[in-house]
Amino acid sequence: MSGDPSGVQDEAVALLGLVAYGELCAFSRLAADAQQAPDLAGRAELATLAAVEMDHYVRVRDHLAGRGVDVLDAMAPFVERVDGLLRTVEPRDWPEALVATRLGRGLVTDLQAEALEGLTGPEAELVREVIADAGHDAFVDARVHAACADPQVHARLAMWARRLLGEALAAVTAALQEYPGLAAVVPEDTTSTRSVVLKRLKSAHNRRVTALGL
């Protein structure tokens, strides 16, 4: 991989690699969820949002290319960890898919926002634009609230939300240990600082769960 060898630039490439792979996975997940949608409106909405995620991926890819970095190289360190997490939280049906996408995207966005604290310049601005809500949150919130009118579905989704948090925090902890390029997330790289970051991620997740009525 080519590019500026300085620490800040390495962190920027690492973050953009993670963002790019996150957007690629989001596109794949939303496209798959669209096929599970129980009605045409849901299918059309998720297909449209999948297209937005692909546009985000292309923007990050092109930005990296402009710096002489192949997006495949930038994404490669994160593929195994992210794919492993996605396998452990494979949804069983449409409501679980909606909750997984909503809460999963929120956690990833929060982690990326933490990383932005250590970055400046065009890379930081690009990440802010890419991780902004593309309209998916409001759509999912309404559908989840409707599904939770059934008490059994509500109880199952509440348990699902708790499982998603546990799996995601475990994956984030492992990622911070494995990928030095993400040092911007935890500038001092200490256990205490890392714990503060994880606590903020957990608090934000719990607020989203509450907003979903779970």
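Everything below is about the structure printed above this text.
Residues numbered from 1 in each chain as written. Predicted model: local features only at pLDDT ≥ 70, side-chain atom pairs only at ≥ 80, totals over all residues. Heavy atoms only, no water.

Student: A description of the side chain of Arg 208 should follow, citing residues and the corresponding values.
Tutor: Following the sequence through the fold, Arg 208 ends up in helix α8 (residues 191–211). Judged by relative accessible area, which is 12%, Arg 208 ranks as buried. The residues contacting Arg 208, other than those within four sequence positions of it, are Arg 102, Leu 103, Gly 106, Leu 107 and Asp 110. (Helix = DSSP H or I, 4+ residues; strand = E, 2+ residues; numbered from the N terminus. Buried < 20%, exposed > 50% of the residue type's maximum accessible area, 1.4 Å probe, protein only. Contact = heavy atoms within 4.5 Å.)

Student: Before we move on, could you go through helix α6 (residues 136–147) and cite the residues and values that matter?
Tutor: The first and last C-alpha atoms of α6 sit 17 Å apart over 12 residues, in line with the 16 Å expected at 1.5 Å per residue. Taken together, the buried positions of α6 are occupied by His 136, Asp 137, Phe 139, Val 140, Asp 141 and Val 144. (Expected span 1.5 Å × (residues − 1).)

Student: Requested: an account of the nonpolar core, with residues and values cited.
Tutor: As a rule of thumb, nonpolar side chains are buried together in soluble globular proteins. Counting residues in hydrophobic clusters, the biggest one holds 25 residues, and the most contacted among them are Leu 46, Val 99, Val 144, Leu 157 and Leu 214. When residues in this core are grouped by element, the largest group, 6 residues, is from helix α7 (residues 151–178). Grouped together as the second largest cluster of nonpolar side chains are 18 residues, Tyr 21, Val 60, Leu 126 and Val 127 included. (Core = buried A, V, L, I, M, F, W, Y, C linked by side-chain atoms within 4.5 Å.)

Student: Can you explain the layout of surface pockets? Please cite residues and give values.
Tutor: The computed volume of the largest pocket comes to approximately 900 Å³. If you go around the largest pocket, you meet 40 residues; those closest to its centre are Val 82, Leu 85, Leu 86, Gly 104 and Val 108. Here the residues of the lining of the largest pocket sort into 27 nonpolar, 7 polar and 6 charged. (1 Å grid on protein atoms, 1.4 Å probe; cavity = no way out; pocket = protein on both sides within 12 Å on 5 of 7 lines; lining within 4 Å. Points joined across faces, edges and corners; volume = space filled by probe spheres on them. Nonpolar A, V, L, I, M, F, W, Y, C, P; charged D, E, K, R; others polar.)

Student: If you had to explain the environment of Leu 16 to someone new, which residues and values would you point to?
Tutor: Turning to its location among the elements, Leu 16 is positioned in helix α1 (residues 7–36). According to the relative accessible area criterion, Leu 16 is buried, its value standing at 1%. Counting along the chain gives 110 residues from Leu 16 to Leu 126, while the straight-line C-alpha distance between them is 9.0 Å. Those residues in contact with Leu 16 that sit more than four places away from it in its chain are Val 60, His 63, Leu 64, Glu 123, Leu 126 and Val 127.

Student: Got a sec to walk through the packing of helix α2 (residues 40–66) against helix α5 (residues 122–131)? Specific residues and values, please.
Tutor: One can describe the packing of α2 onto α5 by two numbers: an axis separation of 10 Å at closest approach and a directional angle of 170 degrees. Looking at the two axes, α2 sits roughly antiparallel to α5. Every residue of α5 that contacts α2 at His 56, Arg 59, Val 60 and His 63 is listed here: Pro 122, Glu 123, Leu 126, Glu 129 and Val 130. Per-class residue counts for the contact of α2 with α5 are 4 nonpolar, 2 polar and 3 charged. (Axes fitted to C-alpha atoms, helices over the stretch in contact; angles between N-to-C directions. Parallel < 35°, antiparallel > 145°, perpendicular 65-115°, else oblique.)

Student: If you had to explain the pattern of salt bridges to someone new, which residues and values would you point to?
Tutor: Inspection of the entire model under this criterion finds 11 salt bridges. Between Asp 39 and Arg 143 there is a salt bridge, and its shortest N-O distance comes to 3.2 Å. Note that Asp 39 is positioned in the loop between α1 and α2 and Arg 143 in helix α6, a separation of 104 residues in sequence. Salt-bridge contacts for Glu 129 lead to Arg 59; the nearest nitrogen and oxygen are separated by 2.2 Å. With Glu 129 in helix α5 and Arg 59 in helix α2, this residue pair connects regions lying 70 residues apart in the sequence. A relative accessible area of 37% places Glu 129 in the partly exposed class. (Salt bridge = Lys/Arg side-chain N within 4 Å of Asp/Glu carboxyl O.)

Student: Requested: an account of the environment of Leu 164, with residues and values cited.
Tutor: By the element assignment, Leu 164 lies in helix α7. Setting aside anything within four residues of it in sequence, one finds Leu 164 in contact with Val 89, Val 99, Ala 100 and Leu 103.

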